[in-house]
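Examining the three-dimensional arrangement
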Amino acid sequence: MELRRRDYHVERPLLNQEQLEELGNRGSATGTWQWRNWFRCSRARAYALLLQYLPVLTWLPQYPVREWLLGDLLSGLSVAIMQLPQGLAYALLAGLPPVFGLYSSFYPVFIYFLFGTSRHISVGTFAVMSVMVGSVTESLAPDEDFLQASNSTVDVAARDARRVQLASALSVLVGLFQVGLGLVHFGFVVTYLSEPLVRGYTTAASVQVFISQLKYVFGLHLSSRSGPLSLIYTALEVCWNLPKTVVNTLVTAVVAGLVLVLVKLLNNKLQKHLPVPLPGELLTLIGATGISYGIGLNEVDVVGRIPAGLVPPVAPSPQLFARLVGNAFAIAVVGFAIAISLGKIFALRHGYRVDSNQELVALGLSNFIGGIFQCFPVSCSMSRSLVQESTGGNTQVAGAISSLFILIIILKLGELFQDLPKLIWLVTFVATILLNLDLGLAVAIAFSMLLVVVRIQLPHYSVLGQMPDTDVYRDVAEYSEAREVPGVKIFRSSTTMFFANAELYGDALKQRCGVDVDRLISQKKKLLRRQELKLKRLQKGNKLVKKPSDPVTHIRSSSHIKDTSISINVNTGITNIESNDVEGSNVKVSAENELEDIAAGDQEDAKAPAMSSLKALGLPQPDFHSLILDLGTLSFVDTVCLKSLKNIFRDFREIEVEVYMAACHSPVVSQLEAGHFFDASITKQHLFASVHDAVIFALQHPRSGPVSPALVTKL
């Protein structure tokens, strides 16, 4: 596709780089000695740090109770219904007694409510994290170490106590790693976890979790395995021991699986008619527990005793840290990667931001404090997060409500579920098939990081200005003679934009433009929402006056419609009734149609304010009407780049700034077309061969304000 070119003529001498630098009086850009600000102390800075590290103080005082509380309440209860059976089952995955899954569903969730920045993710027990913990507990505290010499049986109480000690120490160490990494701003590492990497890694997880649960499905007692190829060995061992299958256990698992699938299909079919999804997990749990308790299921393993009440805090054993440090770091990175990936998905969908460094701190504190109360490491669950969002959850108040529900279970109702059979719980997330979770993640990240270099992570962003009497545009921070074109902002990055720096590109763009785009959009939506509520109240109050049944009727519009009246004269004489019947009917229909037209016009007048501009809403307007993205350094396009560009168009149009792209290479344009980037809102009219072409077009077609012919001629 040939890019659009404007016809213009520029006469200037040919310049080399040295002459251009001399003409523009190039100098080094002013350095920002940010490290100096780290050591400054003031009340305002202390308050800002408090809000930064305790985000609940920012949003909770402004919480709109009437608008959001009901949604958060229903969402919290729905998530708690899922959290209960998952907590019990995932504790078994971790090799621990099930009650510790309930503890891990309470303490960390409430801590994240205070320190987290995502409004929609559901923190708590997570299948992949549980499998990773289970590989540690089963390898460091295997059954063979607790055989009783008298009868060669396993001392379950001693084994479980040792595994709980290992898991809680592991959680404390994971928390320390995550908090430390968050404080040194290690959150940037998530940019190297590309969407294909996360999807491939999480897809393989389903296989890992599925095979790890086969022994429970068939009722087999297998040896514990860990390390590379352990998954293959486990699958082979399951196959060899299939003749030893416990039929009752297999039937229970199959029936429970069918019930879960049927309830899921029913929820999908009736989702428009149900206020909240049917709790298939809870119904299965209650039904299986009732059947197991009422009629007894011979040879079916059950969850076992669930003690009521909380446990006191216990300090971890420092002697265990040396044996757990490697696994703890791997679990810390995996847990953070999943949480921040899901957090960013929901943030992008609902128009807010999550702070990757603060997420590290929040998860770290959740795991650290949870470990002191004998919890095992947690992250967030996609299934529960989707439920939390789809059932109307708006903030982490939903998470706090779900944790309080779990607290009630722990204190009073936990013993009701001690006859629950060990069912199969399949969750499709992070794992690898051959090398186990930690080694698989390490290989994946190392391979991904080989594809990028430091300059891609730390590009140079610049706002461009026009050099005097030329069609050349350079960084205004380096060239003192370069001048920004009035009403037009030109932005450029020194490197291509893809998954590793797309978010940095968007952040730098909004920062260099000098406009708090996100805050301005939020204020605009809030004001428009208020106008919409006023409109609904106005429409409710503006009821049409019903036509009276008098022989001679005079109908006027309501008081807010001025100078509009309709008169209807009906001849009621006995002799003329028959002759006037048709005419009277026509008059009646005409009158009703005119009333409908008046009402429709009144509604349109009422809706007009809802389509208000920033100026009409009393909001500050940007000092530029057009934004030009110099994409000359864009060498390829991936899905993340496409999404980021679309978001830039959307956000800046919300604040009444039109966006154009310039200097794209032909292969890039082809990739944009192949990725279906262009549509009804973003057309090829927004694509130009050069920055100068885009500038002239932007000045001739400003989004707001009159065209400046003198300025266009000067260019």
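Residues numbered from 1 in each chain as written. Predicted model: local features only at pLDDT ≥ 70, side-chain atom pairs only at ≥ 80, totals over all residues. Heavy atoms only, no water.

An unreviewed UniProt entry lists the chain under the name Solute carrier family 26 member 6, from Sus scrofa.

Before going further, it helps to examine the environment of arginine 162. By the element assignment, arginine 162 lies in helix H9 (residues 156-183). For arginine 162, a relative accessible area of 28% gives the class partly exposed. Each C-alpha atom of the pair arginine 162 and leucine 140 lies 9.2 Å from the other, and the pair is 22 residues apart in sequence. (Helix = DSSP H or I, 4+ residues; strand = E, 2+ residues; numbered from the N terminus. Buried < 20%, exposed > 50% of the residue type's maximum accessible area, 1.4 Å probe, protein only.)

Burial of nonpolar side chains together is a common tendency in soluble globular proteins. One finds Tyr103, Ile121, Leu170 and Leu324 to be the most contacted residues of the largest nonpolar core, which totals 60 residues. Elements with a contribution of two residues or more to this core: helix H5 (65-93), helix H6 (99-103), helix H7 (107-115), helix H8 (127-140), H9, helix H14 (321-350), helix H15 (356-372) and helix H17 (397-413). Examining the composition of this core, we find that 13 residues originate from one element, H14, more than from any other. If you look at the next biggest cluster of nonpolar residues, it comprises 40 residues, including Leu627, Leu642, Val657 and Cys664. (Core = buried A, V, L, I, M, F, W, Y, C linked by side-chain atoms within 4.5 Å.)

Once that is clear, we can look at the packing of aromatic side chains. Inspection of every chain in the model, using the stated rule, returns 15 aromatic pairs. Their ring planes at 35° and their centres at 5.7 Å tell us that phenylalanine 110 and phenylalanine 113 sit as a pair that is tilted. Of this pair, phenylalanine 110 and phenylalanine 113 both sit in helix H7, separated by 3 residues, roughly a single helical turn. Both rings, one in tyrosine 461 and one in tyrosine 505, keep their centres 6.2 Å apart while their planes meet at 75°; by these two values the pair is edge-to-face. You can see tyrosine 461 sitting in strand S3 (residues 461-466) and its partner tyrosine 505 sitting in helix H20 (residues 502-512), a full 44 residues away along the chain. The burial state of tyrosine 461 is the same as that of tyrosine 505; both residues are buried. In this structure an aromatic cluster arises from ring pairing among Trp59, Phe110 and Phe113. Over the face of the ring belonging to tyrosine 352 we find arginine 119, whose NZ or CZ atom lies 4.2 Å from the ring centre. (Phe/Tyr/Trp six-rings, centres within 6.5 Å; stacked < 30°, edge-to-face > 60°. Lys NZ or Arg CZ within 6 Å of the ring centre and 35° of its normal.)

Read across the sheet, 6 strands follow the order S4-S3-S5-S8-S9-S10 without closing on themselves; strand pairing throughout is mixed. Lying at the two open borders of the sheet, with one neighbouring strand each, are strand S4 (473-475) and strand S10 (687-688). When S3 meets S4, the two strands line up antiparallel, connected through 3 bridges. Note that in S4 the partner of glutamine 466 across the bridge is tyrosine 473. (Pairing = 2+ DSSP bridges.)

Across the chain, the average pLDDT comes to 75, with 70% of residues at 70 or higher. In this model, residues 424-437 is a region of pLDDT below 50 whose contacts with residues beyond four sequence positions or in other chains number 67 contacts. (pLDDT = per-residue confidence, 0-100. Contact = heavy atoms within 4.5 Å.)

This paragraph deals with the pattern of salt bridges. Applying the stated criterion across every chain yields a total of 15 salt bridges. In this structure, the salt-bridge partner of aspartate 160 is arginine 159, at a minimum N-O distance of 3.2 Å. As far as the burial class goes, aspartate 160 and arginine 159 line up, both buried. Put simply, aspartate 651 and lysine 510 hold a salt bridge, and the shortest N to O gap is 3.2 Å. Of the two residues, aspartate 651 sits in helix H24 (residues 639-654) while lysine 510 sits in helix H20, which places them 141 residues apart along the sequence. Exposure class is identical for aspartate 651 and lysine 510. Each is buried. Taken together, the salt bridges that share partners define one network made up of Lys344, Arg353, Glu503 and Asp507. (Salt bridge = Lys/Arg side-chain N within 4 Å of Asp/Glu carboxyl O.)

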